[in-house]
Amino acid sequence: MNTFGNIYRLTSFGESHGPAIGGVIDGFPAGIPVDAGFVQACLDRRRPGQSDIVTARREADSVELLSGIFDGVSTGTPIGFLVRNSGHHSNDYSEIEHTFRPSHADFTYTSKYGLRDYRGGGRSSARETVARVVGGALAMQALNTMGIEIYAYTSRVGTVALENDYRLYDRLLIDTNPVRCPDKDKAQEMYGLIQRVKAQGDSVGGIVTGVIKGCPVGLGEPVFGKLHAMLGAAMLGINAAKGFDYGMGFDGLDMTGSQAVDEFFTGAVGKVSTKSNYSGGIQGGISNGQDIYFRVAFKPVATLLRDVATVDDCGREAVLRARGRHDPCVLPRAVPVVEAMAAMTVLDAILLNRSARL
C-alpha cells in the first residue's frame, strides 16, 4: 500500500538510494493558489545535513512540480512531482547486503518479499517521507484558505521535556533552534543531550507535539473513520513512530471524570464552546471546533555507530559494524513530517465531510 488518503490521496514512489523520490496527488481541489516556494521551504525543514545533530547526508531536496498546476493555481488534475536523490553513498551499505540490522525492516522485508534493497533501507527508509512533506505542503495551502493552521514542535528529547501546555509556547520560536523546540532553555538542554549520545555512537528518542487550530465542527466519522483514528494511523505510519495520543491522552489516567469533563457554554455570539479541552478537539470521533492537539512518540534510531550482535540471511551469527550517515535523533526532522501528515488527514476529512449532507 503506497497510497495515503481517501479523496485527497498521495501515492509515493522511490527508494533511499534510487534516482528520485516522487509522488502523484489526486483529489486536490481546483482553483487553489499554489506557492512552490512554500513547498520548498517545507522540504528544507526536513532536509538532511541542516545541522550537526542530524544526518550528514547532503541533499538539495529540490522539488519539481510536473503537472496539475497552471499559472500558480491548481487545475484539479493529478499533481505529479519529483525530488531527485544525489547525495547517497551506496557503498556504505555493501557490508550489510546479507546482514540484518537489528530493529530495522531488513528481516521483515526479506521474509515478506524474499529480497530487499539494502542500500539505506530502500523503500523502508525515512527518505520516503520527502513525498509526504510535499503532499502536506500542498494540503496546508488549501487549508489556509479555510483559516486552518497546523504546526508541530519537539516537546521532549530523552529525559528533557517541556512541562507546560502548548498554548503557553510561542510557535514563532520553533524554528529558531536546530531542535525545533519553542523553549530556548529546554532547546539547549535537548541539543546538548543529542550531541552527547551522538559522540557515544548512540541515539535518543522523544516526542513531537502537534496542534491543529481553526478546524471546523463535524470532521470525522462516528464509528469507523473517527478523526482521532485517522490522525493516529497517519502518525503511526511515520518511520520510527511508536506511540500516539491526543487531548489529555495518557495523562488523563490520573484524573477523575469530574476533573476531565469538558463543560459546554454559549459564548457572546451564540457559539457553543467548551470551558476546557481535555477531549483535544474531538468528541465521539468528530471534531468539535476546539484546538486539536496530539503527541507522537519516536523511538531512538536503531542504527548505532558501534558493534551490535545480529544474524545474516542464512541464520549465522554476525556482528554489525554500521557505517553511513544517520540521525542520532529523528525529532528535529520529524517535525515537518508530523505537520504534513496532519495536514493531509484534515484536508481529506474535510473533503469526505462534503458528502455528509446534500
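Keep in mind that this is a model prediction, so the values were computed, not measured.

Asker: In this structure, what is going on with the environment of threonine 159? I would like to understand it.
Answerer: By the element assignment, threonine 159 lies in the loop between strand E8 (149-157) and strand E9 (160-161). Exposure remark for threonine 159: the relative accessible area of 72% places this residue in the exposed category. Once the C-alpha coordinates of threonine 159 and glycine 205 are considered, the two residues, 46 residues apart in sequence, prove to be 9.3 Å apart.

Asker: Would you explain the sheet that holds strand E3 (residues 20-26) in this entry?
Answerer: Hydrogen bonding along the main chain pairs the strands of a sheet, whether they run parallel or antiparallel. Sheet architecture is open: 5 strands sit in the order E1-E2-E3-E7-E4, paired in antiparallel fashion. Here the strands that pair on one side only, and so sit at the sheet edges, are strand E1 (3-4) and strand E4 (63-65). Bridge count for strand E2 (residues 9-13) against E3 is 5 bridges, and the pairing is antiparallel. Following the sheet pairing, leucine 10 is matched in E3 by isoleucine 25. The strands touched by helix H3 (residues 129-144) within the sheet are E2, E3, E4 and strand E7 (79-84), with E3 carrying the most contacts at an inclination of about 35°.

Asker: So what exactly am I meant to see when it comes to the side chain of asparagine 277 here?
Answerer: Structurally, the position occupied by asparagine 277 is in the loop between strand E13 (272-274) and strand E14 (282-283). Overall, asparagine 277 belongs to the buried group, its relative accessible area being 14%. At a separation of 2.9 Å, a polar atom in the side chain of asparagine 277 contacts the main-chain amide nitrogen of glycine 281.

Asker: Would you mind showing me how to read the sheet that holds strand E16 (residues 292-298) here?
Answerer: As summarised here, the arrangement of the 5 strands in space is E9-E8-E10-E16-E11, forming an open sheet in which the pairing is antiparallel. At either margin of the open sheet sits one strand with a lone partner, and together these are E9 and strand E11 (241-246). Taken together, the 5 bridges between E11 and E16 define a ladder with antiparallel strand orientation. Following the sheet pairing, phenylalanine 244 is matched in E16 by valine 296.

Asker: Where do I start with the nonpolar core in this structure?
Answerer: Nonpolar side chains in soluble globular proteins tend to be buried together. In this structure, Phe28, Ile212, Met235 and Phe298 are the most contacted members of the largest nonpolar core, which totals 82 residues. Among the elements that make up this core, the one with the highest residue count is helix H7 (residues 331-353) (14 residues). Sequence-distant contacts of phenylalanine 298, that is, excluding residues within four places in its chain, are made with Gly205, Gly206, Val208, Ile238, Asn239, Ala240, Ala241, Val330, Leu331, Ala334 and Val338.

Asker: Whenever I open this one, the packing of H3 against H7 confuses me. Can you help?
Answerer: Two packed helices can be described by the angle between their axes and the distance between those axes. Packing of H3 against H7 leaves a shortest axis separation of 7 Å and a crossing angle of 50°. It follows from the interaxial angle that H3 and H7 lie oblique. Handedness of the H3/H7 crossing: left-handed. Only Pro336, Val337, Glu339, Ala340, Met341, Ala343, Met344, Val346, Leu347 and Ile350 of H7 make contact with H3, whose side of the interface consists of Thr129, Arg132, Val133, Gly135, Gly136, Ala139, Met140, Ala142 and Leu143. Classifying every residue of the contact of H3 with H7 by side-chain character gives 14 nonpolar, 3 polar and 2 charged.

Calculation notes
Residues numbered from 1 in each chain as written. Predicted model: local features only at pLDDT ≥ 70, side-chain atom pairs only at ≥ 80, totals over all residues. Heavy atoms only, no water. Helix = DSSP H or I, 4+ residues; strand = E, 2+ residues; numbered from the N terminus. Buried < 20%, exposed > 50% of the residue type's maximum accessible area, 1.4 Å probe, protein only. Pairing = 2+ DSSP bridges. Contact = heavy atoms within 4.5 Å. Axes fitted to C-alpha atoms, helices over the stretch in contact; angles between N-to-C directions. Polar contact = N/O pair within 3.5 Å; in protein donor to acceptor, adjacent residues only side chain to side chain. Core = buried A, V, L, I, M, F, W, Y, C linked by side-chain atoms within 4.5 Å. Parallel < 35°, antiparallel > 145°, perpendicular 65-115°, else oblique. Left-handed = near helix turned anticlockwise from the far one by under 90°. Nonpolar A, V, L, I, M, F, W, Y, C, P; charged D, E, K, R; others polar.

These results come straight from atomic positions and should not be treated as a statement about function.
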